[in-house]
Amino acid sequence: MTAVAVRWLTVFLDFPADSFGAGVAFWREVTGSGLSPLRGAAGEFATLLPADGDAYLRVQRVAGGSGGHHLDLHVDPALTSVDEAAERAVALGATVRHREEGLVISASPAGFTFCLVRWHGESIVPGPVRLDGAGASRAEAFWLDVPEDDFERERSFWAALTGSEGQTRARSALPVRLELRRASLDDRVTGHLAFACADRRALAARHAAAGARILTVLPHETEMADPVGRFYRLTGREMAE
């Protein structure tokens, strides 16, 4: 089955209403981003605007629940419509939750929410930012933490949907690498962002000064929580300058 023509990937950070302001302020600071005007029927959406390149991080205020993440997969309208892309996703095991013009909200076989939307020509991946005293960094990977029993099915689904060649990563032309890992302590699929950085220790301290918590320092990564408890990681992965 032909993969969906995914040309861009947007990561949404979803916040409950009472933590939206604090969450958005933190992520603006650590990604060096501006903020678009609020949009949506209730002003619930906004885009984090990078200093250069095309935006790939957005925020949403959600009416219920504890928030989390979801993904927008931008499909090339010259090759396939959003509805056709949704049909392919369903054939691979996805479930459709909502449809409207130019948008199909779906769930992966293990229940992770993603949206299929039209691609509008985004192609320039933003460069790293340099926070004062912390070196270069960029949120450059999105990880799906998948329960062991669902891992192979979920891996196959995302690889087929995006056309990725590797076992767990999607096309490098996208602004974030999409990867999967086994999560033995959870019974549902969750997601988190990972920053590549030049100096993990300095960046962790800088993020902590902005309101994050350092959870665990491991040999090759540092586990963090933002001011509203959202898990993310810092890694020593090299970045393209």
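The structure under discussion appears in the preceding block.
A brief report on the enclosed structure follows. (Residues numbered from 1 in each chain as written. Predicted model: local features only at pLDDT ≥ 70, side-chain atom pairs only at ≥ 80, totals over all residues. Heavy atoms only, no water.)

### What to know about the packing of aromatic side chains
Now for step 1: The full count for this structure, using the stated rule, is 11 aromatic pairs.
Now for step 2: Ring centres of Phe112 and Phe142 lie 6.0 Å apart, and the angle between their planes is 50 degrees; on these two criteria the pair is classed as tilted. In this pair, Phe112 is assigned in the loop between strand S7 (103-107) and strand S8 (113-118) and Phe142 in strand S10 (residues 135-146), connecting sequence segments 30 residues apart. For the pair formed by Phe112 and Phe142, the shared burial category is buried.
Now for step 3: Ring plane angle 80 degrees and centroid distance 5.3 Å describe the contact between Phe157 and Trp158, whose orientation is recorded as edge-to-face.
Now for step 4: A residue is classified by how much of its surface remains accessible, and Trp158, at 2% relative accessible area, is buried.
Now for step 5: One aromatic cluster is present, built from ring pairs that chain together Phe26, Trp27, Phe195 and Tyr232.
Now for step 6: One residue, Arg230, lies across the ring of Phe15, its end atom 4.2 Å from the ring centre.
Now for step 7: It is Arg233 that lies over the ring of Trp143; its NZ or CZ is 4.8 Å from the centre. (Phe/Tyr/Trp six-rings, centres within 6.5 Å; stacked < 30°, edge-to-face > 60°. Helix = DSSP H or I, 4+ residues; strand = E, 2+ residues; numbered from the N terminus. Buried < 20%, exposed > 50% of the residue type's maximum accessible area, 1.4 Å probe, protein only. Lys NZ or Arg CZ within 6 Å of the ring centre and 35° of its normal.)

### Focus on the sheet that holds S8
Now for step 1: One open sheet accounts for eight strands, arranged S2-S3-S4-S1-S5-S8-S7-S6; its pairing is mixed. The sheet is open, and its two borders are formed by strand S2 (34-35) and strand S6 (95-100), each paired with just one other strand.
Now for step 2: Along the sheet, helix H1 (residues 20-31) makes contact with strand S1 (6-16), S2, strand S3 (45-49) and strand S4 (57-62), crossing S1 at roughly 135 degrees.
Now for step 3: Each of strand S5 (68-75), S6, S7 and S8 touches helix H2 (residues 82-91); the most contacted strand, S8, lies at about 150 degrees to it. (Pairing = 2+ DSSP bridges. Contact = heavy atoms within 4.5 Å. Axes fitted to C-alpha atoms, helices over the stretch in contact; angles between N-to-C directions.)

### A few points about the pairing of strand S14 (residues 221-225)
Now for step 1: Burial runs high along S14: five of the five residues are buried.
Now for step 2: Taken together, the four bridges between strand S13 (residues 213-217) and S14 define a ladder with antiparallel strand orientation. Bridging from a neighbouring strand, Arg213 pairs with Ala225 of S14.
Now for step 3: Linking two consecutive strands that pair antiparallel, namely S13 and S14, is a turn of three residues.
Now for step 4: When S14 meets strand S15 (residues 231-235), the two strands line up antiparallel, connected through five bridges. Counterpart to Met224 in the pairing with S15 is Tyr232.
Now for step 5: Here S14 hands over to S15 after five residues, with Gly229 in that stretch at a positive phi of 95 degrees.

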